[in-house]
Each structure stands twice: as C-alpha cells, then as structure tokens.
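# Structure assessment
As a plain string of letters, each chain reads:
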Amino acid sequence: MTEEKKDLNLFAKKVWITAGIIALLVILIFILKAAFNVLLMIFAGSLISIFFHGLADLVERNTKWKRSWSMAVGVLFTFLVIGSMFYLMGAKISQQASEMSKEVPLLVDTAESKLRESTIGRKILYYVSGNNSQKLMNSFQQIFRTSFGVVGDLYIIFFIGLFFTVSPSMYKDGFVKLMPLAAKPGAVRVLNRISGTLKGWLKGAMLAMLIIAIFTFIGLKIVGVPMALALAVMAGLLNFIPNFGPLIAMIPAVLIGLTIDTNTGFIIALMYVGIQAIESNVVTPMVQNAIIKIPPAMIIISQVLIGTLTGGLGIILATPLLAVVIVIIDELYVKNQAEAIQPAK
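Residues numbered from 1 in each chain as written. Predicted model: local features only at pLDDT ≥ 70, side-chain atom pairs only at ≥ 80, totals over all residues. Heavy atoms only, no water.

### Quick notes on the overall build of the protein
A tally of helices and strands in the protein yields twelve helices and zero strands. Sequence-ordered secondary structure for the protein, helices as α and strands as β, is α-α-α-α-α-α-α-α-α-α-α-α. Relative to its full complement of 345 residues, the protein shows a buried share of 31%. Within the protein, counting contacts between residues at least 6 apart in sequence, those at least 24 apart form 69% of the total. Of the roughly 21900 Å² of accessible surface on the protein, a fraction of 73% belongs to carbon and sulfur atoms. (Helix = DSSP H or I, 4+ residues; strand = E, 2+ residues; numbered from the N terminus. Buried < 20%, exposed > 50% of the residue type's maximum accessible area, 1.4 Å probe, protein only. Contact = heavy atoms within 4.5 Å. Areas by Shrake-Rupley, 256 points an atom, 1.4 Å probe, with all protein chains shown as cover.)

In structure tokens, the structure reads:
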C-alpha cells in the first residue's frame, strides 16, 4: 500500500512538473508574440548600424584613416546625400505626391469605368467592391499595423541604430559573454558571418532600388506618364520589400495610365513587370547570390508568416531575417552535421 502511494505521489509530481513546463512555454510564447515588434525594431536598428559600418569599411580601405574618422565620414556622407536629394528633388516629389493624392478619387473612378468595359474587369471589380472591399481593407490594415505608430517606430529604430553604430562592440561583447565558455568562439564566428551577410544583402538591396528607380523613371517618361519622378522614387523605395513592394508601387502608376487610355495602363503594367524581371533575374543574383542564396518561395512564406504576426515592419524585414536564420542554421546545424560525417568517410 505504501509503495502504491509513493508511485501515485511520484506520478502526480511528474504531472505537475509537466503542466508547469507547458504553462511556462505558453507564457513565453505570448511574451515573445507581444514583444516581437520590439525585437523587429532592434533588428531594424541593427541594419542601420550595419549600413554605417559598411560605409566606414569602404572609407577605411580606401583612405587608411582611423575607424572613428571613417565612421564619421560615412555617417556625414549619408546625411549629405539624403539632404541633397531632398533639396534638389524634394519639392518636386512632394508636389507630385500631393497632386497624386488629390487625384486618387478621379483615378479610381476612371479605372473602374475602364474595367467595366471588359468581362475580366467586371470580375476584378466584384472582388474589390462591397463586403469583399471591406475584407480587403481590414486585411490591409491588419498587415500594416505597427506597435507605436509609424513615427514612433521610426524614432525608436533610428536611435537604436545610432547607439549600435557608436559602440557596437559593447553590445556584441555583452552577447558573447552570455554564452558558455565552449560556445564563445562559435558565437563570435556566427555574429561575424551574420554581419557580413547583412552587409552584402544591404548592398544588393540598395543597388536594386537605385536601378528600379532609374529604369522606372526612364520608362514612365518615354510613355509620357505625369508625376514620373514621384512614381519612380516610390518604386525604388518599395523595392526594398520583395514581392509585395513592387506590386504596391505598380498600382498608382497603372491607375494614372488608365486615365490616359487602357493601352497606356496595360503598357505601364508590362513595363513594371519587365523591370522587376530584370532586377530579379539579373541584378539580385549577381549581387546577393554570391553572398547567400535565398529561395524565392521561402521569402514569400516568411513575409506572410511574419507579416501576419507583426504587420508591415515584419513584411519589410522578412528577407534579412530569413538570411540570418539561414546563416544560423548553416553554422549551428549543417556544418556540425558535415563535420560529424567527415571522419566516418
């Protein structure tokens, strides 16, 4: 009888321990979900810091200056370029963007009347009208929600990036100190490889954005579309978001083209698709695939998953996050598996 009571007590103890572990995991999952937007902002700040350090590396290699001077030149050069762009093109872009926002109702009405002229167009209108329109709008708002609002998020991201830029070793060394002694060399190696991968990814993304903006501006000017500069800048900036960004950038351009005639709208759509095809199949493979190969399907899956959990910031950062995950898996699992198999041969 005593043995049975002991067994029952032991069983009850294991049940309570299991239940406690499950409850702890559930709590951690909820905490991570609630704090994931904050983690994304930290990651975005890290990208800003990596960008500035990449510029500093370039200056240091070519001038042999001290790191602090190279960093100062890189940051100053960035702000000068941004300031010059706003000074030279800001007024025109702002004017064109204002005109575009005022003409949105007219553009939508014109596009609707053009679409009603064909069977396919009427089907498209059916899916974006009434209850379906409300569902689409709710989904859009759900995807592009933010934790503190756009301005608040940008403010936090900027200062996180600034602090990471000024003293990156403080945060890197602090993270490494948290690792067990045997894991410290591996942690340093993984962090260095992540930094190099993200530098390469940023270089490719910025080059692609510039190419998209230039090609789009030239194409829109040839077609004779008004507000070409604003549309080109929008296309370049939104190209930072793979898959979804170019689609969003194409919508206002096609709407403006439809106000001219249906053929112009169709030509603009083909032009955007063609430019994206060139960027996806020529520019991106040349620049980024030499650093890390990311399967296109995985990019879409990561964007949908992270976007559903966190909103617009998750969609924007899904690709670099996926690159980091691929590096971590390669360093901590794939290479270890290869090393374990090697002696057996």
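### Here's the deal with the pattern of salt bridges
All told, the structure shown has six salt bridges when counted by the stated rule. Where R189 meets E331, a salt bridge forms, and the shortest distance between an N and an O atom there is 2.8 Å. Pair noted here: R189 is in helix α7 (residues 184-223) and E331 is in helix α12 (residues 312-341), with a separation of 142 residues, a long-range link. Take R189: its relative accessible area is 41%, and that puts it in the partly exposed class. Judged by its relative accessible area of 3%, E331 falls in the buried class. (Salt bridge = Lys/Arg side-chain N within 4 Å of Asp/Glu carboxyl O.)

### Overview of empty space enclosed by the protein
Applying the stated rule across the entire model yields one cavity of 30 Å³ or more. Surrounding the largest cavity, I212, T216, A235, P246, A249, Y272, I275 and Q276 form its lining. A total of three residues in the lining of the largest cavity trace back to one element, the largest contributor, which is helix α10 (residues 262-287). (1 Å grid on protein atoms, 1.4 Å probe; cavity = no way out; pocket = protein on both sides within 12 Å on 5 of 7 lines; lining within 4 Å. Points joined across faces, edges and corners; volume = space filled by probe spheres on them.)

### Quick notes on a nonpolar patch on the surface
A contiguous nonpolar surface patch, about 930 Å² in accessible area, is contributed by F79, Y155, F158, F159, L162, F163, V166, M170 and Y171. Elements that contribute at least two residues to the nonpolar patch include exactly α5 (150-166) and α6 (168-177). Considering every element that reaches the nonpolar patch, the biggest residue donor is α5, with six residues. (Patch = residues over 30% accessible without salt bridge, like charges linked within 9 Å, V, L, I, M, F, W, Y side chains within 5 Å.)

### Points about the environment of L309
Within the secondary structure, L309 sits in helix α11 (residues 296-310). For L309, a relative accessible area of 46% translates into the label partly exposed.

### As for the packing of aromatic side chains
This model, assessed by the stated rule, comprises five aromatic pairs. With 5.3 Å between their ring centres and 85 degrees between their planes, F158 and F159 make a pair best called edge-to-face. Consider the rings of F159 and F163, whose centres lie 6.4 Å apart with planes at 45 degrees: the pair is tilted. Placement of both F159 and F163 in helix α5 is noted, with a separation of four residues, approximately one turn of the helix. Assessed through its relative accessible area of 48%, F163 is described here as partly exposed. (Phe/Tyr/Trp six-rings, centres within 6.5 Å; stacked < 30°, edge-to-face > 60°.)

### So, unusual backbone geometry
Backbone geometry at K64 places phi at a positive 65 degrees, although glycine is not the residue there. Assignment of secondary structure puts K64 in the loop between α1 (2-63) and α2 (67-115). Classification of K64 by relative accessible area gives exposed; the value is 69%.

### A word on the confidence of the model for the protein
This prediction gives the protein a mean pLDDT of 76; 70% of its residues lie at or above 70. The weakest mean pLDDT in the protein belongs to helix α4 (residues 130-143) at 48; the strongest belongs to α7 at 87. Scored below 50 in pLDDT, residues 132-137 shows six contacts in the model against residues more than four places distant or in partner chains. Note that pLDDT drops below 50 for residues 139-148; the model gives that stretch 20 contacts with residues more than four away or on any other chain. (pLDDT = per-residue confidence, 0-100.)

### Some details on the packing of α7 against helix α8 (residues 228-238)
Relative to each other, α7 and α8 sit at 150 degrees, their axes nearing to 8 Å. Taken as axis vectors, α7 and α8 run roughly antiparallel relative to one another. For the pair α7 and α8, the sense of crossing is right-handed. Judged by residue contacts, M209, I212, A213, T216, F217, L220 and K221 of α7 engage A228, L229, L231, A232, A235, G236 and L237 from α8. Here the contact of α7 with α8 is composed, by residue class, of eleven nonpolar, two polar and one charged. (Axes fitted to C-alpha atoms, helices over the stretch in contact; angles between N-to-C directions. Parallel < 35°, antiparallel > 145°, perpendicular 65-115°, else oblique. Left-handed = near helix turned anticlockwise from the far one by under 90°. Nonpolar A, V, L, I, M, F, W, Y, C, P; charged D, E, K, R; others polar.)

### Concerning helix α9 (residues 244-260)
Helix length check: α9 (17 residues) gives 26 Å between terminal C-alpha atoms against 24 Å at 1.5 Å per residue, within 8%. Among the residues of α9, those classed as buried are G245, P246, A249, M250, P252, A253, V254, I256, G257 and L258. (Expected span 1.5 Å × (residues − 1).)

### Comments concerning the nonpolar core
One finds F43, L198 and L317 to be the most contacted residues of the largest nonpolar core, which totals 22 residues. Here the element with the most residues in this core is α7; it accounts for seven residues. What L317 contacts, discounting residues up to four positions off in sequence, is L40, F43, A44 and L47. (Core = buried A, V, L, I, M, F, W, Y, C linked by side-chain atoms within 4.5 Å.)

### Describing the environment of G200
Summarising the element assignment, G200 is placed in helix α7. C-alpha separation for the pair G200 and G54, spaced 146 residues apart in sequence, amounts to 9.0 Å.

### Points about the packing of α6 against α7
The geometry of α6 relative to α7 is characterised by a closest axis approach of 9 Å and an angle of 140 degrees between their N-to-C directions. Where α6 crosses over α7, the two elements pack in a sense that is right-handed. Across from K172, F175, V176 and K177 in α6, the residues of α7 making contact are K184, V188, L191 and N192. Split by residue class, the contact of α6 with α7 holds four nonpolar, one polar and three charged.

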